[in-house]
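# Structural characterization, general
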Amino acid sequence: MSRQHDSFSVISINHEVAPLEVRERYSMDDAKVATLYTTLKNKGKVEESLVLNTCNRFELYTQCEDGADAEFVLHTLANAYGVSPDELAGHLHLRSGRDAVQHLIEVAAGLRSQITGEAEIFGQVKAAYALSQEHGYAGKTINRVFQKGFQAAKLIRNSTTVGQGQINIANVAVDLAGKIFGELRSAAALSLGTGEIGEKTVKALRSRGAETFGIASRSQDRAEEVAREWGGTPRLLQDLESYLPEYDIVIASVGAEEAVLTRKIVKQCSSRRKGRPLFLIDLGLPRNIEQGCEDFDNVFLYNLDDLASIADENLAQRKEAVVDATAIAEQKSEFIWNAILKRREYERNQA
């Protein structure tokens, strides 16, 4: 069957088409996502919708009624961001029909992640689907595409080596810290944030030999909970300025709209560290650490794009697995989409 433009589509803003500062501009918090869902529903032309909003990717999957397509959705999304459709179009991928299905499979399997093969994305896609279902935004097409897409993504993860080693951003960040300091036993490390990535950061620090590390959270109870699980010293994020000079490595993954580690705090910290280097690794989007923090002597700042470049050095051995995984995604998306088209044709004949 042909791959003509279809009323099912995905708009994606990701590392393949947009640099970090652009992805940061188009990130959405939970409140904005909820507003977007409501706007799409009230427009009338969008029958189904699903938003995938991660620390490094924004995607909007929609099924429109006859006579409406992704151009209509693009204009709605541009209004939500307060920009022109042309400006937004310059920073995204738009796929429809079978190509949108293949894209979903590749995303869920980690093939399109900035760090190829990372494992967290599958759970993030499942959570996005559950939220869409819970609020009644998913219908026949999204349900079919995502349920079958999850099966295909699992097949890729289980039958290829693309995700070998349980790759994730936290492990890459801690591996970078290890390359900088050698034995992590000799360095004091601080994890800002106790969400999924923050907790995995603490786990990775401990597994790689870190003995002195802190765990900072907005909640004292949450910091103590993670410390009981993995060790380390619980800290309050609000008191960061007071204890930052104690640490050599800071890995930040806080869900915040503004930077939690500012140039002012780092300036004060640098004067107290007396020339000892401070390494900052920012896993946040929007970014958790102000760019100006690297203006000071002996302060070194790495962000998500820097980590991706480092991770790519280790990708060569998995190139063949990526090729095999992409072939599976293409085959499965063709099967899923043909089934959807046949169902649509049957329903039209029954009408």
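For the structure given in this document, a descriptive report is provided here. (Residues numbered from 1 in each chain as written. Predicted model: local features only at pLDDT ≥ 70, side-chain atom pairs only at ≥ 80, totals over all residues. Heavy atoms only, no water.)

## A look at the sheet that holds strand E6 (residues 212–217)
Pairing within the open sheet is parallel, and its six strands lie in the order E7-E6-E5-E8-E9-E10. Here the strands that pair on one side only, and so sit at the sheet edges, are strand E7 (233–236) and strand E10 (299–302). The sheet shows a mean angle of 20 degrees between the axes of neighbouring strands, direction not considered. (Pairing = 2+ DSSP bridges. Helix = DSSP H or I, 4+ residues; strand = E, 2+ residues; numbered from the N terminus. Axes fitted to C-alpha atoms, helices over the stretch in contact; angles between N-to-C directions.)

## Re the pattern of salt bridges
Scanning the entire structure with this criterion turns up 21 salt bridges. Measuring nitrogen to oxygen at the nearest pair gives 2.7 Å for the salt bridge that ties arginine 112 to glutamate 16. You can see arginine 112 sitting in the loop between helix H5 (98–108) and helix H6 (120–134) and its partner glutamate 16 sitting in the loop between strand E1 (8–13) and helix H1 (20–25), a full 96 residues away along the chain. Its relative accessible area of 17% is what places arginine 112 among the buried residues. For arginine 185, the salt bridge goes to glutamate 183, with nearest N and O atoms at 2.8 Å. Accessibility expressed as a relative area gives 48% for arginine 185, which makes it partly exposed. The network of salt bridges with shared partners includes Glu16, Glu106 and Arg112. (Salt bridge = Lys/Arg side-chain N within 4 Å of Asp/Glu carboxyl O. Buried < 20%, exposed > 50% of the residue type's maximum accessible area, 1.4 Å probe, protein only.)

## As for empty space enclosed by the protein
Think of a ball as big as a water molecule: rolled over the atoms, this probe shows where empty space is left. Here the structure, examined in full by the defined rule, presents two cavities of 30 Å³ or more. The calculated volume of the largest cavity comes to roughly 240 Å³. Lining the largest cavity are 16 residues, and of these Cys55, Asn56, Ser113, Gln114 and Glu118 lie nearest its centre. The element that contributes the greatest number of residues to the lining of the largest cavity is H6, accounting for three residues. Across the lining of the largest cavity, the residue classes tally to six nonpolar, six polar and four charged. If you add up the space inside the second largest cavity, you get close to 40 Å³. Together, Ile13, Arg23, Tyr26, Ser27, Asn53, Thr54, Asn56, Arg57, Phe58 and Leu285 line the second largest cavity. At the level of secondary structure, the elements contributing two or more residues to the lining of the second largest cavity comprise strand E2 (46–54) and strand E3 (57–64). Broken down by class, the residue content of the lining of the second largest cavity amounts to four nonpolar, four polar and two charged. (1 Å grid on protein atoms, 1.4 Å probe; cavity = no way out; pocket = protein on both sides within 12 Å on 5 of 7 lines; lining within 4 Å. Points joined across faces, edges and corners; volume = space filled by probe spheres on them. Nonpolar A, V, L, I, M, F, W, Y, C, P; charged D, E, K, R; others polar.)

## Some remarks on the packing of H6 against helix H7 (residues 140–159)
The N-to-C vectors of H6 and H7 enclose an angle of 160 degrees; their axes lie 11 Å apart at closest approach. Taken together, the axes of H6 and H7 are roughly antiparallel relative to one another. Every pair of crossing elements has a handedness; the one defined by H6 and H7 is left-handed. Between H6 and H7, the contacting residues are Phe122, Val125, Lys126, Tyr129 and Gln133 on the first element and Ile142, Asn143, Phe146, Gln147, Phe150, Ala153 and Lys154 on the second. Taken together, the residues of the contact of H6 with H7 sort by class into seven nonpolar, three polar and two charged. (Parallel < 35°, antiparallel > 145°, perpendicular 65-115°, else oblique. Left-handed = near helix turned anticlockwise from the far one by under 90°. Contact = heavy atoms within 4.5 Å.)

## A look at the sheet that holds E3
The sheet built from four strands is open, its strands ordered E2-E3-E1-E4 with antiparallel pairing. A single partner strand is all that each edge strand has here, and the edge strands are E2 and strand E4 (93–96). When the angles between neighbouring strand axes are averaged without regard to direction, this sheet yields 15 degrees. Inspection of the sheet shows E1 paired to E3 by six bridges, in the antiparallel sense. Each residue of the ladder has a partner; that of valine 10, found in E3, is tyrosine 61.

## Description of the packing of aromatic side chains
Throughout the structure, instances matching the rule amount to 12 aromatic pairs. The interplanar angle of 75 degrees and the centroid separation of 6.1 Å between the aromatic rings of phenylalanine 146 and phenylalanine 150 together place this pair among those described as edge-to-face. Residue phenylalanine 146 and its partner phenylalanine 150 are both found in helix H7; the two are separated by four residues, about one turn of the helix. Exposure class is identical for phenylalanine 146 and phenylalanine 150. Each is buried. Pairing tyrosine 243 with tyrosine 247 gives two aromatic rings, centres 6.4 Å apart and planes at 85 degrees, and the pair type is edge-to-face. Connected via pairs of aromatic rings, a cluster forms that spans Tyr61, Phe122, Tyr129, Phe146 and Phe150. (Phe/Tyr/Trp six-rings, centres within 6.5 Å; stacked < 30°, edge-to-face > 60°.)

Geometric values such as these leave the question of function open.
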